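Residue-level structure breakdown
Next come the chains, spelled out residue by residue.
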Amino acid sequence: MDERILKAGVVGCGFIAQNAHIPSLLKCRNVRLAAICDRNEDLARSVAGKFKIGKYYSDFKEMLDVEKLDVVNVCTSIDTHASLAIQAMEAGCHVFTEKPLALNTRDADEMIQVSKKNNVKLGTNHHLLFIPPVQKIKRILDKGTIGNLVRVEIKQSCPPQDFPIIADPNHWWHRLPGGVFGDTLPHPIYLAREFLGDIEPVAVYPKKMGNLDHMPFDEVQIILEGEKGVGTIISSCNWPSLWMIDIFGTKKNIHANLHNSVVITYGGKTDMGKGIASLYARENLQRSFRILTDTFAGGVNFIQGKHRGIPTGIRKFMESIQNGTEPPVTAEDGREVLRVWEKITSQMV
């Protein structure tokens with residue numbers, strides 16, 4: 001293991017940088033956050049003062065030239081990921097981007113080529129893979145508890161009352177392919193890949209149900225075919241906030257609420273429906289116990305700061321640099337998510 005201190009920088013000082021990337025980097029072992037950059041110099045100055053970061057810049061090239069960084073976290077709008085990442089990698093920096101990796105697969109291919117040419121690592125932020133409830137689902141699947149996996153259903157909702165940028169017609173999310181879903185869909189796509197293997201979208205159904213005039217659609221349902229089963233993604237801007245995963249197997253099923261970290265297995269064998277009442281009674285008791293224990297564990301994880309996946313993803317990426325190992329989420333992983341994302345958003349018209 002390389003024990004030297006990695007000199008890190010962040011470009012983009014908005015919400016995700018301040019609430020996730022910068023705090024995570026400040027806690028990483030053998031990493032020093034040396035400088036940050038934003039084209040809004042007042043914002044860069046303010047954020048540097050808030051987090052006690054020594055240097056701030058409004059010019060990215062100047063930061064790269066002066067600081068000689070080892071690694072850069074890209075936290076800017078998606079359309080700038082490729083150009084900034086390529087600039088950093090050409091300067092010899094490893095790069096970790098916010099999701100998705102880039103705006104399209106063409107840009108992703110160029111980024112991957114540049115990373116290989118300069119022998120630097122390129123990773124992206126698929127942070128929900130590292131949160132406790134998703135890790136628990138993976139352990140249940142690895143044990144074979146549910147039998148053969150048959151179906152995965154993923155539901156997410158990002159209503160404007162919780163995400164004010166959805167109600168802002170001038171926010172860059174609305175200029176993405178697929179509108180706001182261009183930013184929100186990568187999460188369920190990479191989760192679906194985690195459970196189903198390689199996936200293909202076979203049907204996409206966008207629909208407008210709300211009253212925001214600047215949004216041509218605010219609901220979408222996607223049907224997937226995967227290596228290990230079939231799947232559905234439903235994404236909404238109308239329901240109260242939620243993140244749920246339901247996985248159906250030949251022996252048991254899994255229900256997971258990613259917001260409260262409760263993961264429940266249920267279902268079992270009955271004889272032509274006989275004994276189903278007692279089965280459900282036992283399950284109700286087991287569910288009540290599981291809700292209590294998972295709620296307690298979720299509270300402990302929250303207190304310990306282990307409830308979020310971004311710190312873990314960033315730490316593992318930094319460790320991959322120090323250990324000379326593959327990043328936890330590779331650029332190729334990010335590129336495959338983009339490929340599926342492009343197929344879906346091309347049909348959202």
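First, a word on scope: everything that follows refers to the structure included in this document. (Residues numbered from 1 in each chain as written. Predicted model: local features only at pLDDT ≥ 70, side-chain atom pairs only at ≥ 80, totals over all residues. Heavy atoms only, no water.)

With that settled, the discussion passes to the side chain of Asn253. In this structure, Asn253 sits in strand E12 (residues 253-257). Residue class for Asn253 comes out buried when judged on its relative accessible area of 15%. Residue contacts for Asn253: discarding those within four places in its chain leaves Ile146, Ile247, Phe248, Ile264, Thr265 and Tyr266. (Helix = DSSP H or I, 4+ residues; strand = E, 2+ residues; numbered from the N terminus. Buried < 20%, exposed > 50% of the residue type's maximum accessible area, 1.4 Å probe, protein only. Contact = heavy atoms within 4.5 Å.)

Turning next to the packing of aromatic side chains. Taken as a whole and judged by the stated rule, the model has two aromatic pairs. Relative to Phe317, the ring of Phe96 lies with its centre 5.2 Å away and its plane at 50°, an arrangement referred to as tilted. Note that Phe96 is positioned in strand E5 (residues 94-97) and Phe317 in helix H11 (residues 310-323), a separation of 221 residues in sequence. (Phe/Tyr/Trp six-rings, centres within 6.5 Å; stacked < 30°, edge-to-face > 60°.)

What follows is about the environment of Lys61. Within the secondary structure, Lys61 sits in helix H3 (residues 60-67). For Lys61, a relative accessible area of 49% corresponds to the partly exposed category. Sequence separation between Lys61 and Gln87 is 26 residues, and the spatial gap between their C-alpha atoms is 7.9 Å. Among the polar contacts listed, one links the side chain of Lys61 to the side chain of Asp65, at a separation of 2.7 Å. (Polar contact = N/O pair within 3.5 Å; in protein donor to acceptor, adjacent residues only side chain to side chain.)

This next bit is on the pattern of salt bridges. This model, assessed by the stated rule, comprises 19 salt bridges. With a shortest N-O distance of 3.2 Å, Arg4 and Asp70 are connected by a salt bridge. With a gap of 66 residues between them, Arg4 in the segment before strand E1 (6-11) and Asp70 in the loop between H3 and strand E4 (71-74) connect regions that are remote in the sequence. Since its relative accessible area comes to 16%, Asp70 is described here as buried. (Salt bridge = Lys/Arg side-chain N within 4 Å of Asp/Glu carboxyl O.)

For the rest of this paragraph, the subject is the sheet that holds E1. Judged by pairing direction, the sheet is parallel, and its six strands sit side by side in the order E3-E2-E1-E4-E5-E6 without closing on themselves. Looking along the sheet, the strands with just one partner apiece sit at the ends: strand E3 (55-57) and strand E6 (122-124). Ignoring which end each strand starts from, the neighbouring axes of this sheet average 25° apart. Relative to strand E2 (residues 31-37), E1 runs parallel, the two being bridged by six bridges. Residue pairing in the sheet places Lys7 in a bridge with Arg32 of E2. (Pairing = 2+ DSSP bridges. Axes fitted to C-alpha atoms, helices over the stretch in contact; angles between N-to-C directions.)

So, on to the nonpolar core. The nonpolar side chains of soluble globular proteins are, as a tendency, buried together. Counting 76 residues, the largest nonpolar core has Leu185, Leu191 and Ile245 as the members making the most contacts within it. Leave out the neighbours within four places in its chain, and Leu191 touches Leu128, Leu129, Val134, Ile154, Trp243, Ile245 and Leu258. Leu6, Cys28, Val71 and Cys75 belong to the second-largest nonpolar core, a separate cluster that totals 24 residues. (Core = buried A, V, L, I, M, F, W, Y, C linked by side-chain atoms within 4.5 Å.)

What follows concerns the packing of helix H5 (residues 105-117) against helix H12 (residues 331-345). The angle between the axes and the distance between the axes are what describe a pair of packed helices. Two elements in contact, H5 and H12, have axes whose closest approach is 9 Å; the angle formed by their N-to-C orientations is 170°. Relative to H12, the element H5 is oriented roughly antiparallel. Contact with H5, carried on its side by Thr105, Ala108, Asp109, Ile112 and Lys116, involves Ala331, Glu332, Arg335, Leu338, Arg339 and Glu342 of H12 and no other residues of that element. The residue makeup of the contact of H5 with H12, split by class, is four nonpolar, one polar and six charged. (Parallel < 35°, antiparallel > 145°, perpendicular 65-115°, else oblique. Nonpolar A, V, L, I, M, F, W, Y, C, P; charged D, E, K, R; others polar.)

Before going further, it helps to spend a moment on H3. Those residues of H3 that sit buried are Phe60, Met63, Leu64 and Glu67. Looking straight down H3, one finds its buried side chains confined to an arc of 95°; they lie on one side. The N-cap of H3, judged by a side-chain oxygen 3.0 Å from the amide nitrogen of Lys61 a few residues on, is Asp59. A positive backbone phi angle near 50° is found at Lys68, which sits one or two residues after H3. (Arc of directions from axis to C-beta.)

Attention now moves to unusual backbone geometry. Of all residues except glycine, most have a negative phi; of all peptide bonds, most are trans. In this structure, the amide linkage connecting Lys99 to the following residue, Pro100, adopts the cis form with an omega of -15°. As for its placement among the helices and strands, Pro100 is situated in the loop between E5 and H5. Here the phi dihedral of Lys68 falls at roughly 50°; this positive angle occurs in a residue that is not glycine. Within the secondary structure, Lys68 is located in the loop between H3 and E4. Take Lys68: its relative accessible area is 60%, and that puts it in the exposed class. In this structure, Asn119 is a non-glycine residue whose phi angle is positive, near 55°. Tracing the backbone shows Asn119 in the loop between H5 and E6.

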